[in-house]
Amino acid sequence: MLSPLSCSQDDLYWDPALNQRMTCADIRDETHDVKTFTFVCSERRYFNFSAGQYFSFEVETGGIVERRCYSISSSPLRPRSISITVKRVEGGLVSNWLHDNLAPGMEIQAQGPVGNFRVPTESEGKYLFLSGGSGITPLMSIVRAYDDAHVFPDIAFLHAGRTPQDFIFHDELEFRARTMRNFRLMLLPERMGSKPGFVGVVGRLSKEYLGSAVPDLAERFTMCCGPAPFMAAVRGILGELGADPTRYLEESFDPLSDDVAVAAESVGEAIVPKFKVTFARQAKAIEVSASQSILSAAKKSGVRLPSSCASGICGTCKSKLVSGKVDMQHGGGIRQREIDAGMFLPCCSKPLTDLVVDR
């Protein structure tokens, strides 16, 4: 039998197109309400993913199969396992199930990896990473990958959270700030909380703070992940500071209930537009936020749509868009000729205008 650290030509890679079993290998507490879950492939295959991507996980709770997307927080240069870092959320179906029920040795269904939140190959090697709450997870995967590869680009990393005790990966971030070349860390709690010893600025992210902390941000490629209000605030601040909008990339998840992969944190204020989405066959119309997937909003409003992966992979929810425009970030579940014919995937599409859907 091979050592767990060895590999051979007989080893196979995890197939991203299939819904397969993973085995929980380890669970670690990160904060009072955040845990990291580490998985290995049940068939001892390698995982092949890029830092910044995510998996869709499936659990059964209350007799209903629920699916949620979680970013990988581990390094792709350690391909025998993946880790996700999950925050307990009030009323959250899947995140709370993971916290309360998952144990080492248990299996769980998953599909992926998916996602385009990846460092662009054409970037010049100076970055600004901005994360709010559990939005730190994909950016942490990127940082870990750079360290594993012994590649040290110029990274200014700003992480915002409610209080110092809510900072995920706090000790590791501090360690990497001491040991990784060209890595500068800024931690910004909204309020002090009860943890003593924090020294630094306290408050919400502002134009004045970011401009002073990262005076060369116009030279950097910015990657941002967090709740929608946080990212909206970031976009506004960067615009005021003259950053190039074409050198900006963000990631967020809009799962199918209150259980959010990027937990809502009180780290910024923004008004997110809403649009009317009409489902013609069902004679129903709902209001959908520009930061929310159409499938998520439909399910919350009782509109029945077929779905499976909820992450743009399987194509089960494929629908005809009669009118309107969407922002669709799919994972291969729809072909270009279908898109040209007016089809779209509600699970990975957010409205840009009012819509009429043939469902």
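Residues numbered from 1 in each chain as written. Predicted model: local features only at pLDDT ≥ 70, side-chain atom pairs only at ≥ 80, totals over all residues. Heavy atoms only, no water.

Visitor: How would you sum up the side chain of Ser95? Please name residues and give values.
Guide: Assignment of secondary structure puts Ser95 in helix α1 (residues 94-101). Of the polar contacts made by the side chain of Ser95, one reaches the side chain of Asn96; its length is 3.5 Å. (Helix = DSSP H or I, 4+ residues; strand = E, 2+ residues; numbered from the N terminus. Polar contact = N/O pair within 3.5 Å; in protein donor to acceptor, adjacent residues only side chain to side chain.)

Visitor: For the packing of helix α2 (residues 136-149) against helix α3 (residues 170-179), give the residues involved together with the corresponding values.
Guide: One can describe the packing of α2 onto α3 by two numbers: an axis separation of 12 Å at closest approach and a directional angle of 35°. Viewed along their axes, α2 and α3 form a crossing whose handedness is left-handed. Contact residues: Ile136, Met140, Val143, Arg144 and Asp147 in α2; Glu172, Leu173 and Arg176 in α3. Class assignment of the residues belonging to the contact of α2 with α3 gives a composition of 4 nonpolar, no polar and 4 charged. (Axes fitted to C-alpha atoms, helices over the stretch in contact; angles between N-to-C directions. Left-handed = near helix turned anticlockwise from the far one by under 90°. Contact = heavy atoms within 4.5 Å. Nonpolar A, V, L, I, M, F, W, Y, C, P; charged D, E, K, R; others polar.)

Visitor: Provide a residue-level description of the pattern of salt bridges, including the pertinent values.
Guide: One pass over the full model with this rule turns up 21 salt bridges. The shortest N-O distance in the salt bridge between Asp33 and Lys87 comes to 2.7 Å. Taken together, the residues span a long stretch of sequence, with Asp33 in the loop between β1 (20-31) and β2 (34-41) and Lys87 in strand β5 (residues 82-87) at a distance of 54 residues. Its relative accessible area of 13% is what places Asp33 among the buried residues. Note that Lys126 is salt-bridged to Glu219, the shortest N-O span being 2.8 Å. In this pair, Lys126 is assigned in strand β7 (residues 126-132) and Glu219 in the loop between α4 (207-213) and β10 (221-225), connecting sequence segments 93 residues apart. (Salt bridge = Lys/Arg side-chain N within 4 Å of Asp/Glu carboxyl O. Buried < 20%, exposed > 50% of the residue type's maximum accessible area, 1.4 Å probe, protein only.)

Visitor: Got a sec to walk through unusual backbone geometry? Specific residues and values, please.
Guide: The amide bond that connects Gly112 to the next residue, Pro113, takes the cis arrangement and shows omega of 5°. Unusually for a residue other than glycine, His150 sits at a positive phi of about 55°. Here His150 lies in the loop between α2 and β8 (154-161). A relative accessible area of 62% places His150 in the exposed class. Here Phe169, not a glycine, exhibits a phi torsion of approximately 60°, which is positive.

Visitor: Before we move on, can you summarise the packing of aromatic side chains with the specific residues and values?
Guide: The geometry of an aromatic ring pair comes down to the distance between the two centres and the angle between the two planes. Tallied over the entire structure, the rule returns 12 aromatic pairs. Aromatic pair Tyr13 and Tyr46: ring centres 5.7 Å apart, planes at 40°, arrangement tilted. Residue Tyr13 is found in the segment before β1, and its partner Tyr46 is found in the loop between β2 and β3 (54-61); the two are separated by 33 residues along the sequence. Tyr13 sits in the exposed class, given a relative accessible area of 51%. Seen in terms of ring centroids, Phe47 and Phe55 are 6.1 Å apart; in terms of plane orientation they differ by 90°. Their pairing is edge-to-face. Here Phe47 falls in the buried class, since its relative accessible area comes to 2%. Aromatic rings pair up to connect Trp14, Phe39, Phe47, Phe55, Phe57 and Tyr70 into one cluster. (Phe/Tyr/Trp six-rings, centres within 6.5 Å; stacked < 30°, edge-to-face > 60°.)

Visitor: I'd like a description of the side chain of Thr23, backed by residues and values.
Guide: Here Thr23 is to be found in strand β1. Setting aside its immediate chain neighbours within four residues, Thr23 contacts Thr38, Phe39, Val40, Ser42, Gly105, Met106 and Glu107.

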